[in-house]
Structure formats: structure tokens, C-alpha cells
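Structural overview
Each chain, letter by letter, is given below.
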Amino acid sequence: MARALQARIDSGELQPGVRLPSESELAAEFAVNRLTVRQAVAELDRAGSIVIRRGVGTFVREPTVRTTIGVNAETQQSMVGQRPMALPVSGWSGADEQVLARVEGADSMLDRHAGDHLRRAASELVRIDSLASIEGRTWSVNSYWLPKSLVSADFRPPQTRGNVVVSVAEMLGFELWADWREFSAVGADLYDAEHLGVPTGSPLLVREGVSSGPDGTPVLYTRRRIKGDSASFVLNFPRPSSGRPGDDARP
């Protein structure tokens, strides 16, 4: 039954946003009981094909808007400075962030983890949490850690629009350089699930890394949790100097 409904979705017979027939209607059509209908609907829900709105109905899920984050393999280290074009990723530069919290001296496991990367105790750090959206769609929950000694008392990142990292670079007054970036996957915890509007345990892509100042001192640790179906990461390799495809080709 789930495969039959999925086929209708794939073929366009059931368009995005359309409400599925009621349990009783589906039970009659497929000659099954309501428990079987619920099991089939649950399978489609787990597959991400439908969205269940409690008290309203079950609807075909709208197509996911996926943002591509492109990184140039040759110039990827220059992350962001006071020049807007220094941002190496077109997708992320188009995001707006809403600051959720500013916390000083927190001592959770993640705060201590950030301190290890920045070579400081967790008590010496400021953490800024934000929610990012692209074209009005919630995209990621983000956490940034900086040494308190570098954060001015009146520093306030954008509250509704803008980019926290750009604001940080402007406050510091120097360009930030990417030391390393790591990509992994986790299930959404209660905090992230609430802010991203997804069920607990939903797959999230995690992008984290450290950025340093011009002298090589690590000053920013970033951890983004992105909806698993909302982003793709593309590594762009530079062409050979001649610019002709196939030159200096390697297997």
C-alpha cells in the first residue's frame, strides 16, 4: 500500500501539498483495516514523502529546497573578511541569521570541546547560538565560540538579518582563515529538533571547524547543524592553467 501511494506521488497523480484521502477512504480503496493504513502512512512519513499535521490531515510533502555550498579547492582557505566577496560559499552567504542566545562561560561537553580547539578553557569563551534561514526556510542551527578577551562588551550580532561570521570578522577587524572543516552526521536532539521543526532523531548534517586570525591563532570555532535534506557540499577543483578540459588529466 505504501509503495502504491508512493508511485502516485512520484508520477504526479498526488501533487505536493495535496491532502491524502482519509483513513477510512484508504481502507476501503485497498480493502484493508485502519491499522494497515496507519502503518503504510507511517512508512511514507519515515521516507519523507508526506507530512502529518496533527488535527488537520496528511499531505504530500512540498519539494525540498536544497542549498548548494560550493568550495573552491584552490582558494577555500580564505573564509571571510571585511570584503563581502571573501565568502567562498555562495549558498551560505545568502543566509539570514537570528541570534537565539549569547552565553558566557558555559561548561557543557560541547563548550569544553570548543575550548580544546581554541586552546582555552570553556570558562574563557563566549558562545553565540543562532538560527539560519534561506529564502524564508529554516536551514540550520549554529553555535559559534570565541575567546571572551576578543569580544567587545557592546558586540551584538544581527538579531534578524545578516551573517554572524561576517559580524564577528568586522568586530575583530581582521580576516578569518579556515584551518579545517569537518563534516559528519547526527540525529537531532531536543534543542535542534525544536528549532529546526523536525522530529527528534531526524538526520542532520554537521559542519564544524576552526578559523584563525592572520597570525595563525585560532579565534573561532563553528558548529552548524543543517537539515539533512537541505544542503549539498560541492568541492570545485580548479582547471589547469591552460583552462582546456582534459589538460593534465589524471585517472
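Residues numbered from 1 in each chain as written. Predicted model: local features only at pLDDT ≥ 70, side-chain atom pairs only at ≥ 80, totals over all residues. Heavy atoms only, no water.

An unreviewed UniProt entry annotates the chain as GntR family transcriptional regulator originating from Nocardia albiluteola.

**Concerning the nonpolar core**
The condition is simple: Definition of nonpolar core: a set of buried residues of the types Ala, Val, Leu, Ile, Met, Phe, Trp, Tyr and Cys, connected through side-chain atoms within 4.5 Å. Only protein chains enter the accessibility calculation, which uses a 1.4 Å probe; a residue whose area is less than 20% of its type maximum is buried, one above 50% is exposed, and one in between is partly exposed. Helix numbering and strand numbering both begin at the N terminus, where a helix is a DSSP run of H or I of at least 4 residues and a strand a DSSP run of E of at least 2.
In terms of nonpolar packing, the biggest core is built from 15 residues, with I128, Y144, L146, V164, V168, L176 and L220 touching the most fellow members. Among the secondary structure elements, those contributing two or more residues to this core are β6 (125–134), β7 (137–147), α6 (164–172) and β10 (218–227). Ranked by the residues each element gives to this core, the list is headed by α6, at five residues. Counting 13 residues, the second-largest nonpolar core is a separate cluster that includes L5, L14, A27 and I50.

**Re the packing of helix α1 (residues 2–11) against helix α2 (residues 23–30)**
Selection rule: Axes here mean lines fitted to C-alpha atoms, for a helix over just the part in contact, with angles spanning 0 to 180 degrees between N-to-C directions. For classification purposes, angles smaller than 35 degrees are called roughly parallel, those larger than 145 roughly antiparallel, those between 65 and 115 roughly perpendicular, and all remaining angles oblique. It only takes one pair of heavy atoms within 4.5 Å for two residues to be counted as in contact. Residues are grouped as follows: Ala, Val, Leu, Ile, Met, Phe, Trp, Tyr, Cys and Pro are nonpolar; Asp, Glu, Lys and Arg are charged; all remaining types, including Gly, are polar.
With their axes 12 Å apart at the nearest point, α1 and α2 run at an angle of 105° to one another. Considering the angle they form, α1 stands roughly perpendicular to α2. Contacts between α1 and α2 involve A4, L5 and R8 on the former and, on the latter, L26, E29 and F30. Here the contact of α1 with α2 is built from residues that sort into four nonpolar, no polar and two charged.

**Some thoughts on the packing of α2 against helix α3 (residues 34–46)**
Between α2 and α3, whose axes approach to 9 Å, the crossing angle comes to 105°. Between α2 and α3, the angle is such that the two are roughly perpendicular. Together, E23, S24, L26 and A27 of α2 and R34, V37 and R38 of α3 make up the contact between the two elements. Residue composition of the contact of α2 with α3, by class: three nonpolar, one polar and three charged.

**Things to note about the packing of aromatic side chains**
Aromatic rings in a pair are described by how distant their centres are and how their planes are angled relative to each other. Operational definition: Note on aromatic contacts: the rings of Phe and Tyr and the six-membered ring of Trp form a pair at centre separations within 6.5 Å, being stacked when their planes are under 30 degrees apart, edge-to-face when over 60 apart, and tilted otherwise. Here, a charge over a ring means that NZ of Lys or CZ of Arg falls within 6 Å of the ring centre while also lying within 35 degrees of the ring normal.
A full pass over the atoms with the stated rule returns one aromatic pair. Here W145 and Y221 contribute two aromatic rings whose centre-to-centre distance is 5.3 Å and whose plane-to-plane angle is 40°, an arrangement assigned as tilted. Here the residue W145 occupies a position in strand β7, and Y221 occupies one in strand β10, the gap between them amounting to 76 residues. Residue class for Y221 comes out buried when judged on its relative accessible area of 0%. Lying across the ring of F59, R53 places its NZ or CZ 4.4 Å from the centre.

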